[in-house]
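# Breakdown of the fold
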Amino acid sequence: MSPAPVRRTVSAVRRRIPRRWRIALRRAAAGTRPFQTPSVRELCELPANTPLLVHAGGIADDRALDGVLRALARLPEFHLALVCDEAERAAAQELIGRAGKARRRVHQVPRPPAVTAAFLASADVAVFGFAPDAGLALLDTYLAAGLRIVAADSRVAREHLARHRTGEVFAPGSLPSFAKAVERARSGDGAAAPGEPAVAPIEAGTPGPWRALGAGPVRLGLGTANFAGQLSALAVAITAARADVGVELVMAKPPETYRYPADRYLNYPGEHRLDVQTEQARRVLGWYTHLIVDAFRPVLGRANGDDIAADLPALRRARLKVALLAHGSEIRHPGAHLERHAESAFRDADPELRERLTTVAERNRRTAEESGLPFFVTTPDLLDDVPFATWAPLIVDVDGWACDRPVLERVRPVVLHAPSKRWTKGTDRLLPRLQALDDRRVIDLRLVEGLPHDEMRRLVQDCDIVVDQLVMGSYGTFSCEGMAAGKVVVAYVSEGPHRAAGVQPPIANATPDTLVKTIESLLDDRPAAVALAAEGARYVRDHHDGRRTAEVFDAFLR
């Protein structure tokens, strides 16, 4: 049969014949041997120019594989071939189901009698996961196939790849780490050689002005997220209020990120190293009397997983008093938020992100409910999601943001909007409305993104009105900083949870649809707006300078 009829036959009956026969027909069309063992790319039925990852290790015992699949959303060009035998198919299907929309780019490939270099060579990048009993034979097969390799960070894999001067390592469970490792492997632009990290896995930190651990009978551990420096501020507030408390703050972050004060830094990939896990267990279980777990992050490294749930049995056995602290997306349920708020930010969120945050929120709520541990949240709106929690107000440096510049004296008041993430602030919905006011010369709009903290402070102190989020239902750090600076703050504040928390923040309430009317009302009655700004400065000092937050934790620390 000539090539043209073969191609037409394949097209006509593509879905009605087995995959191996389709491959054989294609090979016949190309003039090659039709029944030679197909390659991994042929089994995926992908063209040669489609980037292909291959994972040929065991499925069920690979603790890195779940993160690999979820990270595919960050690698939209890549497909993944999962080589598995019949006994592993169910486990593979379960993992693929967690990949969201990216599951369409995951291919289950039957494991041949022998996984050879020839079988694998048509892929682009090989994935070596994290399985306790994994040997090095598969790594050698990957090397023989000439593949670029990304390997979960372990001493054995690092040392083996270092000997061959090849490969990229990633932190198991870290989606950004895996995605960056794949991109480096694909481009060939490697960083430091495997086994020679540029940054130590544990570093002595730069402690803030809090009392050190061991200075009192209560030895309080804090860790490990420290979002926006909230744990650093909490350490200062608690030790200022309680002379019997000493603190150790451990912060786990990628080395390149901005660091708030902490006693110890765990450079995020290092949490997967056994020596780091052993050291953390020694300090946490052997030294602390109390522990505040931040954002449900693990405190014993990543030995037990990527959240606190699996660490809790060891913490209980060590008889530590443990509390949970949450700030936002780790406990805010996207579906429930959409039901409560017509202007919910989640309407603008990527569907895969919404799905991922739903999984995280449900998992963390389950942990909070089943553990029965004291649970604190830093913004009142989260009480809608976890009504059994206690509000522990977020903390800002009130004196550092305070200024005596008058507000609303300019004909065209300066209105500042500074989104950290646009979708969480409703920026794309509110910006056209602010721009229209600016075009009419009613306001002087300043849109600011990505500035250093000190520069942002200067801009806040120089403006008249701060427009924060209009789509979340609560006020956060930026609103507090605006109030501390004596500015009029506009934000969307849901009344119910704030009433439950016993507060009525002096904020001009607005949604994207009512924003223009709200600002025009403020400018029509400037004396009332100035009074609102002054009330905001008093409110932040009463609730957010750390004193009230320390009071909330007082009973837990007894």
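In what follows, the accompanying structure is described.

What counts and what doesn't
- Each chain carries its own residue numbering, running from 1 in the written order of its sequence.
- Given that the model is predicted, a residue must reach a pLDDT of at least 70 before its local features are reported, and side-chain atom pairs must reach 80 or more before they are shown or counted; all residues, however, enter totals for whole chains, interfaces and linings.
- Think of the side-chain values as coming from all heavy atoms in the structure, minus any hydrogens and water.
- Only DSSP runs of H or I reaching four residues or more are called helices, and only runs of E reaching two or more are called strands; each is numbered from the N terminus.
- A 1.4 Å probe rolled over the protein chains alone gives each residue an accessible area, and that area as a share of the maximum for its type sets the label: buried under 20%, exposed over 50%, partly exposed in between.
- Any two residues whose heavy atoms approach within 4.5 Å are treated as being in contact.
- Relevant arc is that of directions from the helix axis to the C-beta atoms, nothing else.
- Two strands are counted as paired when DSSP detects at least two bridges linking them.
- With axes taken as lines fitted to C-alpha atoms, and helix axes fitted only over the stretch in contact, angles between N-to-C directions fall between 0 and 180 degrees.
- Think of a salt bridge as a Lys or Arg side-chain nitrogen and an Asp or Glu carboxyl oxygen that are within 4 Å of each other.
- Charged-residue counts in this description rest on Lys and Arg as positive and Asp and Glu as negative, His and the chain ends being excluded.
- We define a polar contact as two N or O atoms separated by no more than 3.5 Å, with the added condition that, inside protein, one atom must be a possible hydrogen donor and the other a possible acceptor, whereas residues neighbouring each other in sequence contribute only through side-chain atom pairs.

Bringing the overall build of the protein into the picture now. Counting its secondary structure elements, the protein contains 23 helices and 19 strands. Across the 558 residues that make up the protein, the buried fraction comes to 53%. Considering only residue pairs separated by 6 or more positions, the protein has 69% of its internal contacts joining residues 24 or more positions apart.

If you check which residues of helix 23 (residues 547-554) are buried, you get T549, A550, V552 and F553. One face of helix 23 carries all of its buried residues, which in axial projection span an arc of 155 degrees. The exposed residues of helix 23 that point more than 90 degrees off its buried face are R547 and E551. Buried residues in helix 23 make contact with helix 10 (230-241), strand 11 (290-294), strand 12 (321-326), strand 13 (375-377), strand 14 (390-391) and helix 22 (526-543).

Attention now moves to the sheet that holds strand 19 (residues 508-509). Judged by pairing direction, the sheet is parallel, and its 5 strands sit side by side in the order 16-15-17-18-19 without closing on themselves. With partners counted over all chains shown, the strands left at the sheet margins are strand 16 (444-447) and strand 19, one partner each. Inspection of the sheet shows strand 17 (residues 465-467) paired to strand 18 (residues 488-491) by 3 bridges, in the parallel sense. Note on strand 18: the bridge partner recorded for I465 is V488. In the packing of helix 17 (residues 427-439) onto the sheet, contacts are made with strand 15 (414-417), strand 16 and strand 17, and the angle to strand 16 comes to roughly 150 degrees. Contacts between helix 19 (residues 477-484) and the sheet are confined to strand 15, strand 17 and strand 18, with strand 18 contributing the most and set at about 160 degrees to the helix.

Quick look at the sheet that holds strand 2 (residues 79-84) now. Within a sheet, each strand pairs with its neighbour through backbone hydrogen bonds, oriented either parallel or antiparallel. Pairing is parallel in the open sheet, where 6 strands are placed in the order 3-2-1-4-5-6. The open sheet is flanked by strand 3 (106-110) and strand 6 (168-170), the only strands paired with a single partner. Along the sheet, successive strands turn relative to each other by an average axial angle of 25 degrees, direction set aside. Where strand 4 (residues 125-128) meets strand 5 (residues 148-152), 4 bridges bridge the pair, whose relative direction is parallel. By the bridge assignment for strand 5, V125 is matched with R148. Contacts from helix 7 (residues 137-144) reach strand 1 (52-55), strand 4 and strand 5, with the element oriented near 175 degrees to strand 4.

Turning our eyes to something else, we now look at the pattern of salt bridges. Under the criterion given, the structure shown has 37 salt bridges. For D306, the salt bridge goes to R302, with nearest N and O atoms at 3.3 Å. For R429, the salt bridge is made with D348, and the minimal N-O distance between the two is 2.9 Å. A residue pair is termed long-range when its members are at least 10 positions apart, and R429 in helix 17 and D348 in the loop between helix 13 (334-340) and helix 14 (351-371) qualify at 81 residues. Assessed through its relative accessible area of 18%, R429 is described here as buried. Judged by relative accessible area, which is 38%, D348 ranks as partly exposed. Put simply, D66, R70, E94 and R98 are held in one network by salt bridges that share partners.

The next point concerns the side chain of K487. Residue placement: K487 occurs in the loop between helix 19 and strand 18. An unpaired buried charge is present at K487: no salt bridge exists, and D464, the closest side chain of opposite charge, is 6.0 Å distant. Polar contacts involving the side chain of K487 include one to the main-chain carbonyl oxygen of C463, which spans 3.1 Å. Once residues within four sequence positions are removed from consideration, K487 is found in contact with C403, R405, V407, V460, Q461, C463, D464, V466, G482 and A533.

Coordinates in, geometry out; function isn't part of it.
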